Amino acid sequence: METNGISVDFLNDLNRSIKNDISNVNSLKGFEIISESIVYKILDLFGRNTLLSMLYQTGSGPGEKIAEIIKQKYQKDEFAIFEAIKILMTELRDFYSMQIREVQEYQDHFKVIIQNYCFLRTPYSHREKLKPGKSFCRINKGYFETAFRKLLGDKLKKVEINFLHDDLENDVCIEELIFYPKF
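The residue count restarts for each chain, going from 1 along the sequence in the order it is written. Given that this is a predicted model, residues contribute local features only at a pLDDT of at least 70 and side-chain atom pairs are listed and counted only at 80 or more, while totals for whole chains, interfaces and linings are drawn from all residues. The side-chain quantities take in all heavy atoms of the structure and omit both hydrogens and water.

Here the focus is the overall build of the protein. Elements are defined by DSSP. Helices are runs of H or I of four residues or more, strands are runs of E of two residues or more, and each kind is numbered from the N terminus. The helix and strand tally for the protein stands at six helices and four strands. In this description the radius of gyration comes from C-alpha coordinates, and the expected globular size is given by 2.2 Å times residues to the power 0.38. Against the globule reference of 16 Å for 183 residues, the protein gives a C-alpha radius of gyration of 22 Å, more extended than a compact globule. Across its three principal directions, the C-alpha atoms of the protein cover 80 × 35 × 35 Å. Here's how the labels work: a residue is buried when its accessible area is under 20% of the maximum for its type, exposed when over 50%, partly exposed in between, all with a 1.4 Å probe on protein chains only. Across the 183 residues in the protein, those meeting the buried criterion constitute 38%. Pairs at least 24 apart in sequence give 59% of the contacts found in the protein among residues at least 6 apart. Only the protein chains shown count as cover for residues, and all accessible areas are computed by the Shrake-Rupley method using a 1.4 Å probe. Here the protein has roughly 11600 Å² of accessible surface; of this, 52% comes from carbon and sulfur atoms. Under the convention used here, Asp and Glu are negative, Lys and Arg are positive, and both His and the chain ends fall outside the count. Every charge is mapped to an atom, namely NZ of Lys, CZ of Arg, CG of Asp or CD of Glu. Between the mean site of the 26 positive side-chain charges and the mean site of the 27 negative ones, the protein shows a separation of 3 Å. For this analysis, residues touch if any pair of their heavy atoms sits within 4.5 Å.

A word on the side chain of Asp 167. Residue placement: Asp 167 occurs in strand β3 (residues 156-167). Exposure remark for Asp 167: the relative accessible area of 11% places this residue in the buried category. As used in this structure description, the phrase polar contact means that two N or O atoms lie within 3.5 Å; if the pair is within protein, one of them must be able to donate a hydrogen and the other to accept it, and residues adjacent in sequence are counted only when both atoms belong to side chains. At a separation of 3.0 Å, a polar atom in the side chain of Asp 167 contacts the side chain of Arg 101. Once you skip the residues sitting within four places of it in the chain, Asp 167 turns out to touch Arg 101, Arg 121, Val 172 and Ile 174.

Pairing of aromatic rings covers Phe, Tyr and Trp, the last through its six-membered ring, and needs centres within 6.5 Å; plane angles under 30 degrees mean stacked, over 60 mean edge-to-face, and all others mean tilted. Evaluation of the coordinates by the stated rule reveals ten aromatic pairs. Judged by centre distance (6.3 Å) and plane angle (85°), the ring pair of Tyr 74 and Phe 79 falls under edge-to-face. The exposure class assigned to Tyr 74 is partly exposed, which follows from its relative accessible area of 33%. Classification of Phe 79 by relative accessible area gives buried; the value is 1%. Each member of the aromatic cluster is reached from another via a ring pair, and the members are Phe 82, Phe 95, Tyr 96, Phe 110, Phe 119, Tyr 143, Phe 144, Phe 148 and Phe 179.

Among the buried residues, those of types Ala, Val, Leu, Ile, Met, Phe, Trp, Tyr and Cys that are joined through side-chain atoms within 4.5 Å form a nonpolar core. Leu 88, Leu 92, Phe 136, Phe 144, Phe 148 and Phe 179 are the most contacted members of the largest nonpolar core, which totals 37 residues. For this core, the element with the highest residue contribution is helix α6 (residues 138-152), accounting for seven residues. Residues in contact with Leu 92, not counting those within four places in the same chain, are Ile 66, Tyr 143 and Phe 144.

For the pair helix α3 (residues 48-74) and helix α4 (residues 81-91), interaxial distance at closest approach is 11 Å and the crossing angle is 105°. The orientation of α3 with respect to α4, classified from their angle, is roughly perpendicular. Here Ile 66, Ile 70, Lys 73 and Tyr 74 of α3 come into contact with α4, specifically with Ile 87, Leu 88 and Glu 91. Taken together, the residues that form the contact of α3 with α4 break down as five nonpolar, no polar and two charged. Lines fitted to C-alpha atoms define the axes, with helix axes restricted to the stretch in contact, and inter-axis angles between N-to-C directions lie between 0 and 180 degrees. Geometric relationships in this document are graded by angle, where less than 35 degrees denotes roughly parallel, more than 145 denotes roughly antiparallel, 65 to 115 denotes roughly perpendicular, and other angles denote oblique. Basically, the charged four are Asp, Glu, Lys and Arg, the nonpolar ten are Ala, Val, Leu, Ile, Met, Phe, Trp, Tyr, Cys and Pro, and anything else, Gly included, counts as polar.

Set out below in structure tokens:
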């Protein structure tokens, strides 16, 4: 393609017509498109199990990091369960708004039912593969399960976070944290 014949006037006119002030760039929308594409492509190419594992591991790394930060900040290696919940939720206020709705006690575990408004909710709720409770939520699952495992250490056999339902009226997800303490 020959470009030497393009005049300065043509380039100036072209630049005027394509100019977009950087304040108009919608980075979040671009990230939505890329995130949805990642989900679809990995699902199509590698299947559901690989997709879920990849998303879980994506959250697991930052979960390890926040647990490390909390341990350093509080000069402790292990925390009690509700102490860990309080500290973790306080540290993550920029990304989550949570409230405990109920605590259910069982013989070998207990459930903490929470309402959760996370940083992923608003930008992704209108995208089918990224809606609350769908596969993209595995990032939060990996994040919280890893952070709690690291913060609770030997006090815990297992921890799970599960999506229960989408509460559209209050614009939050209802989830359960299930803790299986060692007795």
